[in-house]
Amino acid sequence: MTRDSRSRVIVRDGPWGFMFFLAYVGAAVYFVSDSNGTFWGVILGLLQAIVWPVYVVYHVLLSIGA
């Protein structure tokens with residue numbers, strides 16, 4: 001007799017994933033438009049769009065004096 005050890009996992013993070021994707025696209029548009037238009041400027045803008053929450057947390061912590 002064999003047992004099936006597979007389990008069913010339901011992930012319901014769809015709306016949050018879409019919101020994070022929209023936030024990335026918006027940040028990418030901002031940082032790329034702020035760049036100088038060269039290839040490396042655009043690449044740097046896309047990389048900044050990935051880590052923009054770090055900038056936000058850093059400036060919030062600076063503003064509250066932490």
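The preceding data block contains the structure.
Residues numbered from 1 in each chain as written. Predicted model: local features only at pLDDT ≥ 70, side-chain atom pairs only at ≥ 80, totals over all residues. Heavy atoms only, no water.

Peer 1: Residues and numbers for the packing of helix α1 (residues 14-34) against helix α2 (residues 39-50), please.
Peer 2: Viewed as axis vectors pointing N to C, α1 and α2 meet at an angle of 145°, and their least axial separation amounts to 8 Å. Crossing handedness for the pair α1 and α2: right-handed. Note on element contacts: α2 touches α1 through V42, G45, L46, Q48, A49 and I50, opposite Y24, A27, A28, F31 and V32. In terms of residue class, the contact of α1 with α2 is made up of nine nonpolar, two polar and no charged. (Axes fitted to C-alpha atoms, helices over the stretch in contact; angles between N-to-C directions. Helix = DSSP H or I, 4+ residues; strand = E, 2+ residues; numbered from the N terminus. Left-handed = near helix turned anticlockwise from the far one by under 90°. Contact = heavy atoms within 4.5 Å. Nonpolar A, V, L, I, M, F, W, Y, C, P; charged D, E, K, R; others polar.)

Peer 1: Any details on the packing of α2 against helix α3 (residues 52-64)? Residues and values, ideally.
Peer 2: The N-to-C vectors of α2 and α3 enclose an angle of 60°; their axes lie 4 Å apart at closest approach. The angle between α2 and α3 falls in the class oblique. Across from Q48, A49 and I50 in α2, the residues of α3 making contact are W52, P53 and Y55. Taken together, the residues of the contact of α2 with α3 break down into five nonpolar, one polar and no charged. (Parallel < 35°, antiparallel > 145°, perpendicular 65-115°, else oblique.)

Peer 1: An account of a nonpolar patch on the surface is needed here, citing residue identities and associated values.
Peer 2: A contiguous nonpolar surface patch, about 990 Å² in accessible area, is contributed by L47, I50, V51, W52, V54, Y55, V56, V57, V60, L61 and I64. Broken down by secondary-structure element, the contributors of at least two residues to the nonpolar patch are α2 and α3. When residues in the nonpolar patch are grouped by element, the largest group, eight residues, is from α3. For V60, the location among the structural elements is in helix α3. Since its relative accessible area comes to 44%, V60 is described here as partly exposed. (Patch = residues over 30% accessible without salt bridge, like charges linked within 9 Å, V, L, I, M, F, W, Y side chains within 5 Å. Areas by Shrake-Rupley, 256 points an atom, 1.4 Å probe, with all protein chains shown as cover. Salt bridge = Lys/Arg side-chain N within 4 Å of Asp/Glu carboxyl O. Buried < 20%, exposed > 50% of the residue type's maximum accessible area, 1.4 Å probe, protein only.)

Peer 1: Can you break down α3 residue by residue, with the values?
Peer 2: Residues three or four positions apart in an α-helix share a direction because the helix packs 3.6 residues into each turn. The end-to-end C-alpha distance of α3 is 19 Å, a good match for the 18 Å that 13 residues give at a rise of 1.5 Å each. Two residues or fewer after α3 comes G65, characterised by a positive phi angle close to 80°. (Expected span 1.5 Å × (residues − 1).)

Peer 1: Explain the packing of aromatic side chains to me, using residue names and the numbers behind them.
Peer 2: Considering all chains together, one arrives at four aromatic pairs under this definition. Note on Y30 and F31: the rings are 5.2 Å apart at their centroids and 70° apart in plane angle, and the pair reads as edge-to-face. Plain terms: the ring middles of F39 and W40 are 5.0 Å apart, the flat faces sit at 75° to each other, and that makes the pair edge-to-face. A relative accessible area of 63% places W40 in the exposed class. Ring pairing ties together the aromatic residues Y30, F31 and Y55, which thus form one cluster. (Phe/Tyr/Trp six-rings, centres within 6.5 Å; stacked < 30°, edge-to-face > 60°.)

By themselves, these figures tell us nothing about what the structure is for.
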